[in-house]
Amino acid sequence: MSGCCGPAPENPDRHNPARDVIDPERYRSIFNASFSRSITRRYEKKGLRPVEQRIVDFLEGAGLEGASVLEIGGGAGEIQLELLARGAARSENLELSDSYEADAARLIRRAGMAGRVSRRLGVDLAGTPDAVEPADVVVLHRVVCCYPDYAALLGAAAGHARRAIVFSYPPRNLASRAFVGAGNLMMRVGGRSFRGYMHDPAAMIDVVRSRGLEPAYEWNGWAWRISGAVRAA
């Protein structure tokens, strides 16, 4: 998915997972080929954005040498390629939208990472956690805000993290609530089923902690926040 702006539902403090069936078309309609081209071209020209660079730096500090990487909703895979360049051995990307594949293939070839990146389509980790093997580090960048049931998604992701997990999400303030609420209204008026969500940061951390990982990093930006956690040795 990679790129959710995090618009809030009607009541941003509540969600109804049963109502929000995970349909790949919901994400494909937003994260389409045009969206993929824009973020890929930006990466090719300028590299990672600052928030993405902080994610990479945190994981490098947690230890990447020989590590396996699992990214949920990694889009074209630019974060994975940077992690591989810094010592990770291999990566696996789970994506609901198939619109990124052509750009991802080009980036992989350009980076010389063919054979070290696995890309899987249509796998909902929260719904089918046993379909994916654990990895040393797990990444969710701009993904939790696109998913109705944060507890199921983060619980499954943290359960797959042998060493560390890092995830980003929009800040929960009045400005972001207004912005993302307007985004959801536009989706509804346009007849699109996609909705974004603003989940409670403390509750998300509690889910990760319940899976045996302890918070080790936090960064607050104007548009995005990052939380990282590590598993005790």
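Up top is the structure.
These figures come from a predicted structure and were not determined experimentally.

Looking at the overall build of the chain
- Check the secondary structure of the chain and you find eight helices and seven strands.
- Every one of the 233 residues in the chain was classed for burial, and the buried ones make up 52%.
- Counting contacts in the chain only where the partners sit at least 6 residues apart, residues at least 24 apart contribute 76% of the total.
- Accessible area of the chain: about 10,200 Å², with a carbon and sulfur share of 52%.

What about the sheet that holds strand β3 (residues 117–121)?
- Strand order in this open sheet of seven strands is β3-β2-β1-β4-β5-β7-β6, and the pairing throughout is mixed. Of all strands in the sheet, those with a lone pairing partner are β3 and β6 (213–220), marking the two edges. Put simply, the sheet's adjacent strands are angled 15° from each other on average, direction ignored.
- Pairing of strand β4 (residues 135–140) with strand β5 (residues 161–169), which is carried by five bridges, proceeds in the parallel orientation. Counterpart to Val138 in the pairing with β5 is Ile165.

Quick notes on the environment of Asp103
- Turning to its location among the elements, Asp103 is positioned in helix α5 (residues 101–111).
- Look at Asp103 and you get buried, because its relative accessible area is 8%.
- In this structure, the C-alpha to C-alpha distance between Asp103 and Ala33, residues 70 residues apart in sequence, is 8.7 Å.
- Among all residues touching Asp103, those that are not within four sequence positions of it are Ala33, Ser36, Arg37, Thr40 and Ala76.
- A distance of 3.0 Å separates a polar atom in the side chain of Asp103 from a polar atom in the side chain of Arg106.

Quick word on α5
- Taken together, the buried positions of α5 are Asp103, Ala104, Leu107 and Ile108. Mapping the buried residues of α5 onto a view down its axis gives an arc of 135°, with all of them on the same face. For α5, exposure combined with an orientation more than 90 degrees from the buried face picks out Ala102, Arg109 and Arg110.
- For α5, the secondary structure elements touched by its buried residues are α2 (33–46), α4 (78–85) and β3.
- Looking one or two residues past α5, Gly112 carries a phi angle of roughly 70°, positive in sign.

Some points on the packing of α2 against α5
- Axis separation between α2 and α5 bottoms out at 10 Å; the angle between their running directions is 20°. As the angle between them shows, α2 and α5 are arranged roughly parallel. In contact with Ala33, Ser36, Arg37, Thr40, Tyr43 and Glu44 of α2, α5 contributes Asp103, Arg106, Leu107 and Arg110.

Some points on the environment of Leu83
- Here Leu83 is to be found in helix α4.
- Spatially, the C-alpha atoms of Leu83 and Ala67 are 9.2 Å apart, while their sequence positions differ by 16 residues.

Looking at the environment of Pro148
- Relative to the helices and strands, Pro148 resides in the loop between β4 and α6 (150–159).
- Assessed through its relative accessible area of 1%, Pro148 is described here as buried.
- Along the primary structure Pro148 and Tyr197 are separated by 49 residues, whereas in three dimensions their C-alpha atoms are 6.6 Å apart.

Some thoughts on unusual backbone geometry
- Non-glycine residue Arg142 carries a positive phi angle of around 55°.
- If you trace the backbone, Arg142 turns up in the loop between β4 and α6.

Side note on the pattern of salt bridges
- Enumeration according to the criterion identifies 11 salt bridges in this entry.
- A salt bridge links Arg86 to Glu82; the nearest nitrogen and oxygen atoms lie 2.7 Å apart.
- On the basis of relative accessibility, which here comes to 28%, the residue Arg86 falls in the partly exposed class.
- With its nearest N and O atoms 3.2 Å apart, the salt bridge here joins Asp136 to Arg162. In this pair, Asp136 sits in strand β4 while Arg162 sits in strand β5, placing the two residues 26 residues apart along the sequence.
- Taking the relative accessible area as the measure of exposure, Asp136 reaches 12% and is therefore buried.

Some thoughts on the pairing of β5
- Taking burial as the measure, the nine residues of β5 include seven buried ones, the bulk of the element.
- Taken together, β4, α6 and β5 constitute a β-α-β crossover, and its handedness is right-handed.
- Where β5 and strand β7 (residues 225–231) come together, six bridges link them in antiparallel fashion. Within β7, the residue paired with Phe167 across the bridge is Ser227.

Calculation criteria
- Residues numbered from 1 in each chain as written.
- Predicted model: local features only at pLDDT ≥ 70, side-chain atom pairs only at ≥ 80, totals over all residues.
- Heavy atoms only, no water.
- Helix = DSSP H or I, 4+ residues; strand = E, 2+ residues; numbered from the N terminus.
- Buried < 20%, exposed > 50% of the residue type's maximum accessible area, 1.4 Å probe, protein only.
- Contact = heavy atoms within 4.5 Å.
- Areas by Shrake-Rupley, 256 points an atom, 1.4 Å probe, with all protein chains shown as cover.
- Pairing = 2+ DSSP bridges.
- Axes fitted to C-alpha atoms, helices over the stretch in contact; angles between N-to-C directions.
- Polar contact = N/O pair within 3.5 Å; in protein donor to acceptor, adjacent residues only side chain to side chain.
- Arc of directions from axis to C-beta.
- Parallel < 35°, antiparallel > 145°, perpendicular 65-115°, else oblique.
- Salt bridge = Lys/Arg side-chain N within 4 Å of Asp/Glu carboxyl O.
- Right-handed = clockwise from strand over helix to strand, strands pointing away.

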